[in-house]
Amino acid sequence: MRYRLTFFAGLALGYVLGTRAGRERYEQLKKSAQQVAQNPAVRNTAESAAQQGRVFAGKAYHVVSEKVGDRVPDSVAGRVRSLRERNANGSAGDDWGTSNT
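These lines cover the structure that appears in this document, whether it is placed above or below.

1. Some thoughts on the overall build of the chain
Turning to step 1, where the next piece is worked out: Regarding its fold elements, the chain presents 3 helices and 0 strands.
Turning to step 2, where the next piece is worked out: Its helices and strands in sequence order give the chain the pattern α-α-α, from N to C terminus.
Turning to step 3, where the next piece is worked out: Counting the 101 residues in the chain, one finds 5% classified as buried.
Turning to step 4, where the next piece is worked out: Surface summary for the chain: the accessible area is close to 8800 Å², and the carbon and sulfur share equals 59%.

2. Looking at the pattern of salt bridges
Turning to step 1, where the next piece is worked out: Tallied over the full model, the rule gives 1 salt bridge.
Turning to step 2, where the next piece is worked out: Notably, a salt bridge pairs Glu47 with Arg54, separated by 3.0 Å at the nearest N-O pair.
Turning to step 3, where the next piece is worked out: Residue classification places Arg54 among the partly exposed residues on the basis of a relative accessible area of 25%.

3. Here's the deal with a nonpolar patch on the surface
Turning to step 1, where the next piece is worked out: Residues Phe7, Phe8 and Leu11 make up a contiguous nonpolar surface patch of roughly 340 Å² in combined accessible area.
Turning to step 2, where the next piece is worked out: Relative to the assigned elements, Phe8 resides in helix 1 (residues 2-38).

Calculation notes
- Residues numbered from 1 in each chain as written.
- Predicted model: local features only at pLDDT ≥ 70, side-chain atom pairs only at ≥ 80, totals over all residues.
- Heavy atoms only, no water.
- Helix = DSSP H or I, 4+ residues; strand = E, 2+ residues; numbered from the N terminus.
- Buried < 20%, exposed > 50% of the residue type's maximum accessible area, 1.4 Å probe, protein only.
- Areas by Shrake-Rupley, 256 points an atom, 1.4 Å probe, with all protein chains shown as cover.
- Salt bridge = Lys/Arg side-chain N within 4 Å of Asp/Glu carboxyl O.
- Patch = residues over 30% accessible without salt bridge, like charges linked within 9 Å, V, L, I, M, F, W, Y side chains within 5 Å.

See below:
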């Protein structure tokens, strides 16, 4: 019971302090976040990280598909083969409609 009381007291305190900060503080934080997101250095770093993620995911995909490809049902194996062929042909898109930029 003591933990519930502490939780609700903290919740109430957070609510009161949050409402006192109000919309003005929210807008200030939002503006700061937008400035950081539009910073060219941040954008370049985020894109580099995304590109590295795509490279590592591609390597992992090939390793897993080579090891598991023989042990899966024919329908799944066919899908893996078609994906392998599509990637070998240098397709820029993926199943989510994004590109490897």
